[in-house]
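# Notes for the structure review
Below, each chain spelled out in residue letters.
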Amino acid sequence: MRTLKIEPLTKEAFAPFGDVIETDGSDHFMINNGSTMRFHRLATVETATPDDKAIISIFRADALDMPLTVRMLERHPLGSQAFIPLLGNPFLIVVAPLGDAPVSGLVRAFVTNGRQGINYHRGVWHHPVLTIEKRDDFLVVDRSGTGNNCDEHFFKEDELLILAPHQ
């Protein structure tokens, strides 16, 4: 099994998979009579049909045992999905490029700095949320509407990956 190299999350490295939601290096303008910096449109909510709605939720995630054998990835073909950490903790991201199925050899892993959120583009393969802390909260912006918006792909035994953040 291939052990995933965990990369620091940067806008450039994550661009094929989605947007990094952060203020560092992002353009802004002043509002509220000069008392507030607005970092405008850091990500775009993608939906498939005019009847879809962008929704805001909170996910409370429990940490998985590490090292983790990555057995599956999922994608949302009808909408983007953003995760913004509410408690300031770093979290892990495992992604694969767009395609009919994820290619094990192209899977990448990232770690945030605790102040970064991410927005998966429509159809990007990713692992369900991976918190490093025992329990963590995320603000999630995604799509609500009709149709199946979650495809899962389970890797064959010879395609499994290891995620080992403590090595």
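Note that this is a predicted model, so its numbers are computed, not measured.

## Details of the overall build of the chain
Looking only at helices and strands, one finds 1 helix and 17 strands in the chain. A globule of 167 residues ought to have a C-alpha radius of gyration of about 15 Å, and the chain, at 16 Å, matches this closely. Taken along its principal axes, the extent of the C-alpha atoms in the chain is 60 × 40 × 30 Å. A buried classification covers 41% of the 167 residues belonging to the chain. Sequence-distant contacts, at least 24 apart, represent 82% of the contacts inside the chain between residues at least 6 apart. Surface exposure of the chain reaches about 9300 Å², of which carbon and sulfur atoms provide 52%.

## Focus: the sheet that holds strand β9 (residues 81-85)
Strand order in the open sheet made by the 5 strands is β3-β12-β9-β15-β6, with antiparallel pairing throughout. Of all strands in the sheet, those bounded by a partner on one side alone are β3 (18-21) and β6 (53-62). The mean angle between the axes of side-by-side strands here comes to 20°, regardless of whether they run parallel or antiparallel. By the bridge criterion, 10 bridges tie β6 to strand β15 (residues 135-144) in an arrangement that is antiparallel. Bridging from a neighbouring strand, Ile 55 pairs with Asp 142 of β15.

## Here we look at the pairing of strand β8 (residues 72-75)
Neither face of β8 is left uncovered, since the one carrying Met 72 and Glu 74 and the one carrying Leu 73 and Arg 75 both have all their residues buried. Alignment of β8 against strand β16 (residues 151-154), held across 4 bridges, turns out to be antiparallel. Within the sheet, the bridge partner assigned to Glu 74 lies in β16 and is Glu 152.

## What about the pattern of salt bridges?
The tally for this structure, following the rule as stated, stands at 7 salt bridges. Here Arg 75 ties to Asp 151 by a salt bridge, and the two come within 3.0 Å at their closest N and O atoms. In this pair, Arg 75 is assigned in strand β8 and Asp 151 in strand β16, connecting sequence segments 76 residues apart. Note on Arg 75: relative accessible area 18%, which makes it buried.

## Let's talk about the nonpolar core
Within the largest apolar cluster, 16 residues are counted, with the highest numbers of intra-cluster contacts made by Phe 14, Ile 93, Val 95, Phe 110, Ile 118 and Tyr 120. Mapped by element, the contributors of at least two residues to this core are α1 (11-14), β10 (91-96), β12 (117-120) and β15. Among the elements that make up this core, the one with the highest residue count is β10 (3 residues). Once you skip the residues sitting within four places of it in the chain, Tyr 120 turns out to touch Phe 14, Phe 17, Ser 80, Gln 81, Phe 83, Ile 93, Val 95, His 126 and His 127. Membership of the second largest hydrophobic core comes to 15 residues, among which are Leu 4, Val 107, Phe 155 and Leu 160.

## What to know about the packing of aromatic side chains
Enumeration according to the criterion identifies 8 aromatic pairs in this entry. Relative to Phe 83, the ring of Phe 59 has its centre 5.6 Å away and its plane inclined at 80°; by these criteria the two rings are edge-to-face. Remark: Phe 83 occurs in strand β9 and Phe 59 occurs in strand β6; sequence separation between them is 24 residues. An aromatic cluster is defined as three or more aromatic residues linked by ring pairs; in this entry it consists of Phe 14, Phe 17, Phe 59, Phe 83, Phe 91, Phe 110, Tyr 120 and Phe 138.

## Section: a nonpolar patch on the surface
The grouping of Ile 58, Leu 86 and Leu 87 at the surface amounts to a nonpolar patch, some 300 Å² of accessible area in total. You can see Ile 58 is positioned in strand β6.

What counts and what doesn't
- Residues numbered from 1 in each chain as written.
- Predicted model: local features only at pLDDT ≥ 70, side-chain atom pairs only at ≥ 80, totals over all residues.
- Heavy atoms only, no water.
- Helix = DSSP H or I, 4+ residues; strand = E, 2+ residues; numbered from the N terminus.
- Rg over C-alpha atoms; globule rule 2.2 N^0.38 Å.
- Buried < 20%, exposed > 50% of the residue type's maximum accessible area, 1.4 Å probe, protein only.
- Contact = heavy atoms within 4.5 Å.
- Areas by Shrake-Rupley, 256 points an atom, 1.4 Å probe, with all protein chains shown as cover.
- Pairing = 2+ DSSP bridges.
- Axes fitted to C-alpha atoms, helices over the stretch in contact; angles between N-to-C directions.
- Salt bridge = Lys/Arg side-chain N within 4 Å of Asp/Glu carboxyl O.
- Core = buried A, V, L, I, M, F, W, Y, C linked by side-chain atoms within 4.5 Å.
- Phe/Tyr/Trp six-rings, centres within 6.5 Å; stacked < 30°, edge-to-face > 60°.
- Patch = residues over 30% accessible without salt bridge, like charges linked within 9 Å, V, L, I, M, F, W, Y side chains within 5 Å.

On their own, these measurements won't tell you what the molecule is for.
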